[in-house]
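This is what each chain is made of:
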Amino acid sequence: MLADIIQIWTPTNPAPPIGTVLRLPGADITIIGLLLFAFEYTGREDLIRKRVLALLSIKPIVSLVVVLTPTLDELVQFTTPETVVQGYQFVTTPFFVFHITYNWILTGLAIAILVRMTFQLEYQKYRQLSILFIAFLIPIGANVLLRLNVTRLDLTTAAFFVTATALMYATFRLQIFNKLPVARRAVLEKMDELVFVLDETGTIVMANSAASELFNHKSTLVGTQISSILGEDTTTLSNTGERQVDIATSIDGELRYFTVSQTTLTDYYERVGGHLLVCRDVTERKRREREVEALNTRLELALDETNTGVWEATLDAEVLFFDEASERLYRYAPGEFPNTVEGFTDRLSDADFEDIERRFQKAVDGDGEYSADFRVTLPDGSHRWIQARGVVQDDEDGSPGRMVGIQTDITALKRHEQRLENQNSRLMLLNKLVRHDIRNQANLITTLTSRLNTDLSSATATGEYITYVDQIAASSDQIIDLTQQARDLMSVISSIGESLSPMGLSETLDREIASASMIDMETTIRTDGVPDVDVVANELLGALFRNLLTNAIKHNDSEAPEVVVSGTVDDEMACVTIADNGPGIPVSDREAVFIEGKTLPGSDGTGFGLSLVKTLVEQYGGSVEIGEAEDLGGAAFTVRLPLAEPTATDDGTATDT
């Protein structure tokens, strides 16, 4: 610039060549300074690194070497045409083109950064914008006018002086570029997080208002070791780099929790100058997390105690998630459930799945609540009742997204309900026996007795007397049977839910066979290999066999009635078969005879004996089947009962349980 001033006032005395050529490195340094200025005031200090500075320094160094080395004069040449006021002009050499291009690129980058910052911060003051654009456009316009030969005076350097003056005015008078540092300080003071700036030894050199207010001693924080403020946990922070740790420290007797984020502070030469710590108070979050953890623990205990699992399904029923408790309900190993609907339906019957699908869709389309009770078949063939409940949950956009619910094993509840239903059914049957069947037979006896008393005086009473007596005897026998059935029925009702115990099979059969022999003296009852074992049953085991023996005797119309009782042991089950040489039972009626109150055509039975047999057998965990007696030709009832497991006694012998 000094060379330009001298040349303007003394055009006949050109400036020394050294003053002219130094314009090249001077322009480089000016442009680089403008770029660094833009970096600094737009918050891009992290770009000012040693490598960046080294790269930017190459051009002014090269320019200085070129202008000071006589042997490189051909790279920078001058001419003194009459059209140039200063009396000299750079010749357009390749190096000069590179110099112009390099500086224009850096100038454009600096201007773009500053203008972008100006519009991003939404500075609305036209006065400030005007100053900025004047500062940017003056050197550009001066240089363009010279290159287009519009003016003979090269004022590019002087224009940069105007730019510098305008920027200084904007900086110190209008404070346009001070707004970002001020904003940074304001944000720092308004932050709820604790902010500490430390030197390389961990000593606090600055703390924001939140930190000072929390520790109640702003003046003494500076110069204090951070470990004495936040505790020794801060020593786990690394010396360099970025890291985050959770720490706990006591403040005024209260334990507080913080998440500390560390950022290492470096200078232009990447030398560590200290650390920035931002501490977020997470005490309340920790408290909520502990509460949620406690609630989850109680929930898990409750779910485990009630054999309850959690499930989640997408609304298109494509994906189904089970937790471990749910997997146990369906007898899946942990992690074995494939998270598909197919893995769920494999355990269901088709009818149950159709009902579940209908209920699921109704919840999705309706009030969002799902409820279903269904039975699953486990891998070992056993069954389990499941009660599932769920609700539809919305996605972030408010649309239904998934269904979440729980499922519980209600097998015991279902069994209890079934027992109650059976009890109610049997109580109704007992009421029928007492109020209808027994009452009818008693009324018949009363009527026959009245007739007998009336007809005793008549001459023809002898024959009718015998008929009346036979009818009275038959009705009395019927009442006895009915009362026995009522007693057995009451015993069955009262025994539901009682624990089972080992019962001697051979002893029970011997006792009931001896009693049944008194029903009809003409019937032959013999045994054939009844095993001497204990079975799982209760005191009603005798009633079970008594009904089968009575049925075989009373419904036998052969001339020489015969009943054979045999038994075997097979697959941990005791099998007892009671066969007769009577008329047998047609295959089509073999299921119906076990229905309560059902009698076959021509039978004078009560219709309750065989239903009691089936009820007791199922209560014991066994089964009963009707077949044909191969040798005798009549019916054969086969009862299978589980064997009692033997256990060791104190003296070392085995006993059954």
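Preceding this section is the structure that the text describes.
Reference entry: report on the structure contained in this document. Fair warning: this is a prediction, and the values are worked out from it, not measured in the lab. (Residues numbered from 1 in each chain as written. Predicted model: local features only at pLDDT ≥ 70, side-chain atom pairs only at ≥ 80, totals over all residues. Heavy atoms only, no water.)

**Some remarks on the pairing of strand E7 (residues 272–281)**
Within a regular strand, side chains alternate between the sheet's two faces.
Okay, so step 1: Pairing of strand E3 (residues 194–199) with E7 involves 6 bridges; the strand directions are antiparallel. Across the sheet, residue Leu198 finds its bridge partner in E7, namely His275.
Okay, so step 2: Inspection of the sheet shows strand E6 (residues 254–266) paired to E7 by 9 bridges, in the antiparallel sense. Bridged to Ser261 within E7 is Val278. (Pairing = 2+ DSSP bridges. Helix = DSSP H or I, 4+ residues; strand = E, 2+ residues; numbered from the N terminus.)

**Observations concerning unusual backbone geometry**
Okay, so step 1: The backbone of Arg331 sits at a positive phi, close to 60°, despite the residue not being glycine.
Okay, so step 2: Structurally, Arg331 can be placed in the loop between helix H13 (324–329) and helix H14 (341–345).
Okay, so step 3: Non-glycine residue Asn339 carries a positive phi angle of around 60°.
Okay, so step 4: Within the secondary structure, Asn339 is located in the loop between H13 and H14.

**Quick word on the sheet that holds E6**
Okay, so step 1: A sheet is described by the order of its strands in space; here 5 strands give the open sequence E4-E3-E7-E6-E5, paired in antiparallel fashion. A single partner strand is all that each edge strand has here, and the edge strands are strand E4 (204–207) and strand E5 (243–251). Ignoring strand direction, the axes of neighbouring strands in this sheet form an average angle of 30°.
Okay, so step 2: Looking at chain direction, E5 and E6 are connected through 9 bridges and run antiparallel. The residue bridging Asp246 from the neighbouring strand is Thr259, located in E6. (Axes fitted to C-alpha atoms, helices over the stretch in contact; angles between N-to-C directions.)

**Side note on the side chain of Glu327**
Okay, so step 1: Relative to the elements of secondary structure, Glu327 occurs in helix H13.
Okay, so step 2: Notably, Glu327 is buried but unbridged: the nearest opposite-charge side chain belongs to Arg328, and the N-O separation is 7.4 Å.
Okay, so step 3: Among residues more than four places away in sequence, those in contact with Glu327 are Phe322, Tyr332, Ala333, Pro334, Gly335, Glu336 and Phe337. (Buried < 20%, exposed > 50% of the residue type's maximum accessible area, 1.4 Å probe, protein only. Lys, Arg positive; Asp, Glu negative; His and termini not counted. Salt bridge = Lys/Arg side-chain N within 4 Å of Asp/Glu carboxyl O. Contact = heavy atoms within 4.5 Å.)

**Points about the packing of aromatic side chains**
Okay, so step 1: Following the criterion strictly, the structure yields 10 aromatic pairs and no others.
Okay, so step 2: With 4.0 Å between their ring centres and 10° between their planes, Phe322 and Phe337 make a pair best called stacked. On the criterion of sequence distance, the pair formed by Phe322 in strand E9 (residues 320–322) and Phe337 in the loop between H13 and H14 is long-range, its members being 15 residues apart. Side by side, Phe322 and Phe337 carry an identical accessibility label, which is buried.
Okay, so step 3: Judged by centre distance (6.0 Å) and plane angle (65°), the ring pair of Phe360 and Tyr370 falls under edge-to-face. Highlighted residues: Phe360 in helix H15 (residues 350–365) and Tyr370 in strand E10 (residues 369–377), separated in sequence by 10 residues.
Okay, so step 4: Taken together, the aromatic side chains of Phe322, Tyr330, Tyr332, Phe337, Phe344 and Phe374 make up a single cluster linked through ring pairs.
Okay, so step 5: Between the NZ or CZ atom of Lys614 and the centre of the ring of Phe594, over which it lies, the distance is 5.7 Å. (Phe/Tyr/Trp six-rings, centres within 6.5 Å; stacked < 30°, edge-to-face > 60°. Lys NZ or Arg CZ within 6 Å of the ring centre and 35° of its normal.)

**Observations concerning the sheet that holds strand E14 (residues 524–528)**
In sheet architecture, strand pairing relies on hydrogen bonds along the backbone and comes in two forms, parallel and antiparallel.
Okay, so step 1: Taking strand neighbours across the sheet as the criterion, the 5 strands line up as E14-E16-E17-E19-E18 in an open arrangement whose pairing is mixed. The open sheet is flanked by E14 and strand E18 (623–628), the only strands paired with a single partner. Neighbouring strand axes in the sheet, compared pairwise and without regard to direction, differ in orientation by 20° on average.
Okay, so step 2: The sheet contact formed by E18 and strand E19 (residues 635–642) spans 6 bridges and is antiparallel. What sits directly across from Glu625, in E19, is Thr638.

**Thoughts on the nonpolar core**
Okay, so step 1: Core analysis: the largest hydrophobic core is formed by 37 residues, its most contacted members being Leu544 and Phe545.
Okay, so step 2: Looking at which element gives the most residues to this core, the answer is helix H19 (residues 541–554), with 8 residues.
Okay, so step 3: Contact partners of Phe545, with chain neighbours within four places excluded, come to Leu505, Thr508, Leu509, Val576, Ile578 and Leu641.
Okay, so step 4: With 22 residues, the next largest nonpolar core counts Leu315, Phe322, Ala372 and Leu378 among its residues. (Core = buried A, V, L, I, M, F, W, Y, C linked by side-chain atoms within 4.5 Å.)

**Notes on H19**
Okay, so step 1: If you check H19, its first and last C-alpha atoms are 20 Å apart, about what 14 residues at 1.5 Å a residue would give, namely 20 Å.
Okay, so step 2: Taken across its 14 residues, H19 has 12 buried, putting it largely inside the fold. (Expected span 1.5 Å × (residues − 1).)

**Details of a nonpolar patch on the surface**
Okay, so step 1: A cluster of nonpolar side chains, contributed by Leu22, Leu64 and Leu68, occupies part of the molecular surface with about 250 Å² of accessible area.
Okay, so step 2: In this structure, Leu68 sits in helix H4 (residues 50–68). (Patch = residues over 30% accessible without salt bridge, like charges linked within 9 Å, V, L, I, M, F, W, Y side chains within 5 Å. Areas by Shrake-Rupley, 256 points an atom, 1.4 Å probe, with all protein chains shown as cover.)

**Digging into the environment of Asp367**
Okay, so step 1: If you trace the backbone, Asp367 turns up in the loop between H15 and E10.
Okay, so step 2: Residue class for Asp367 comes out exposed when judged on its relative accessible area of 62%.
Okay, so step 3: Placed 24 residues apart in sequence, Asp367 and Val391 show a C-alpha to C-alpha distance of 8.9 Å.
Okay, so step 4: Within polar-contact distance, the side chain of Asp367 engages the backbone nitrogen of Glu369 at 3.1 Å. (Polar contact = N/O pair within 3.5 Å; in protein donor to acceptor, adjacent residues only side chain to side chain.)

**With respect to the environment of Glu74**
Okay, so step 1: Mapped onto the elements, Glu74 comes out in the loop between H4 and strand E1 (78–79).
Okay, so step 2: Sequence separation between Glu74 and Phe95 is 21 residues, and the spatial gap between their C-alpha atoms is 9.4 Å.

**Focus on H15**
Okay, so step 1: With 16 residues, H15 extends 23 Å between its outermost C-alpha atoms, agreeing within 8% with the 22 Å of an ideal straight helix rising 1.5 Å per residue.
Okay, so step 2: Structurally, H15 contributes buried residues whose contacts are with strand E8 (308–314), H14, E10, strand E11 (383–394) and strand E12 (400–409).

**Some remarks on a negative patch on the surface**
Okay, so step 1: A surface patch of like charges, here negative, comprises Asp316, Glu318, Glu342 and Asp346.
Okay, so step 2: Assignment of secondary structure puts Glu318 in the loop between E8 and E9.
Okay, so step 3: For Glu318, a relative accessible area of 54% translates into the label exposed. (Charge placed at Lys NZ, Arg CZ, Asp CG, Glu CD.)

**Here's the deal with the pattern of salt bridges**
Okay, so step 1: Counting across every chain of the model gives 18 salt bridges.
Okay, so step 2: Across the salt bridge formed by Glu254 and Arg256, the nearest N and O atoms sit 3.9 Å from each other.
Okay, so step 3: A salt bridge links Arg526 to Glu562; its shortest N-O distance comes to 2.8 Å. Note that Arg526 is positioned in strand E14 and Glu562 in strand E16 (residues 562–570), a separation of 36 residues in sequence.
Okay, so step 4: Taking the relative accessible area as the measure of exposure, Glu562 reaches 22% and is therefore partly exposed.
Okay, so step 5: Counted as one network, the salt bridges with shared partners bring together Glu284, Arg287, Arg288 and Glu291.

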